[in-house]
Amino acid sequence: MAAHIVWDWNGTLLHDIDAVVEATNLSFAEIGLPPITLEQYRELYCVPVPLFYKRIMGRLPTEEEWEVMDEVFHRHYRTRVEECGLAAGAAELLAARLTAGGTQSLCSLAPHTELVPLVRSYGIEHHFIRVDGRVGPSDSGKAEHMVRHLAALAGVAPSRTVVIGDAADDAVAASHVGAHAVLYTGGSHSRRSLERMGVPVVDSLEEAVHIAEELAA
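In this report, we go over the structure that sits alongside the text. What you see is a predicted model, and the numbers here were worked out from it, not measured in a lab.

Our focus in this paragraph is the overall build of the chain. A tally of helices and strands in the chain yields 10 helices and eight strands. Taking 17 Å as the expected radius of gyration for a compact globule of 217 residues, we find that the chain reaches 17 Å, a close match to that expectation. For the chain, the proportion of its 217 residues judged to be buried stands at 53%. In the chain, of all internal contacts separated by at least 6 residues, the share reaching a separation of at least 24 is 65%. When the accessible area of the chain is evaluated, it comes to approximately 9,800 Å², of which 54% is carbon and sulfur surface. Computing the positive centroid from 17 side-chain charges and the negative centroid from 30, the chain places the two 3 Å apart.

What follows concerns helix H1 (residues 17–30). An ideal rise of 1.5 Å per residue puts 20 Å on 14 residues; H1 measures up with 20 Å between its terminal C-alpha atoms. Among the residues of H1, Ile17, Ala19, Val20, Val21, Ala23, Thr24, Asn25, Ser27 and Phe28 are the ones counted as buried. The inward-facing, buried residues of H1 contact strand E2 (14–15), helix H2 (38–44), helix H3 (49–57) and helix H4 (63–81). After H1 finishes, the residue Gly32 shows a positive phi value of roughly 80 degrees.

What follows is about the nonpolar core. Trp7 and Ile164 are the most contacted members of the largest nonpolar core, which has 52 residues in total. Not counting residues up to four positions away in its chain, the partners in contact with Trp7 are Thr12, Leu13, Leu94, Gln104, Ser105, Leu106, Cys107, Phe128, Ile164, Leu205 and Val209. Counting residues in each nonpolar core, the second largest holds 16 residues, with Val156, Val163, Ala173 and Val201 among its members.

Definitions and limits used
- Residues numbered from 1 in each chain as written.
- Predicted model: local features only at pLDDT ≥ 70, side-chain atom pairs only at ≥ 80, totals over all residues.
- Heavy atoms only, no water.
- Helix = DSSP H or I, 4+ residues; strand = E, 2+ residues; numbered from the N terminus.
- Rg over C-alpha atoms; globule rule 2.2 N^0.38 Å.
- Buried < 20%, exposed > 50% of the residue type's maximum accessible area, 1.4 Å probe, protein only.
- Contact = heavy atoms within 4.5 Å.
- Areas by Shrake-Rupley, 256 points an atom, 1.4 Å probe, with all protein chains shown as cover.
- Lys, Arg positive; Asp, Glu negative; His and termini not counted.
- Charge placed at Lys NZ, Arg CZ, Asp CG, Glu CD.
- Expected span 1.5 Å × (residues − 1).
- Core = buried A, V, L, I, M, F, W, Y, C linked by side-chain atoms within 4.5 Å.

Okay, structure coming up:
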């Protein structure tokens, strides 16, 4: 297989969008913001996350507001994430690529100390040559994180690397390191918002893998 695939976690391999929206609305309630629907979330969500809140509030949150919303979001999300399952076909795709000799890794903005045991709990950790979660503040994007991730993958050329994710920021991170990107509609963004990025947009992870191999060939 030509492609090295860098998978995103939340909203891509992990189908957690309902838990994310629920936790978001609980964090909004803490500072008096009205709840939003799944459709509104997908139209407005962006990274870094404070910019998402700016789209909701009409201004950037204050430092105090950000700390409250960030803490409340993660507290409620942690109580719900264990009820989430992998995206349709994800486990089978990961296993099939491993069997066929394909390489893949996982790069996520989820906290590293929480990501690793969660991935392990689904029995898929061995499918990846590397798993990197976020270390540091939660108000940044994925681009620099992707630089560090690829630098740690010996022998993996950016030109044959394809990032599969559910967010515009995944495409930005891929472009930042000279890699390709395929965006999946099952997570945090609407198809319309993903199509603005000018990269392939798909409705299934199986299609994403197929296009990834074509891009890297």
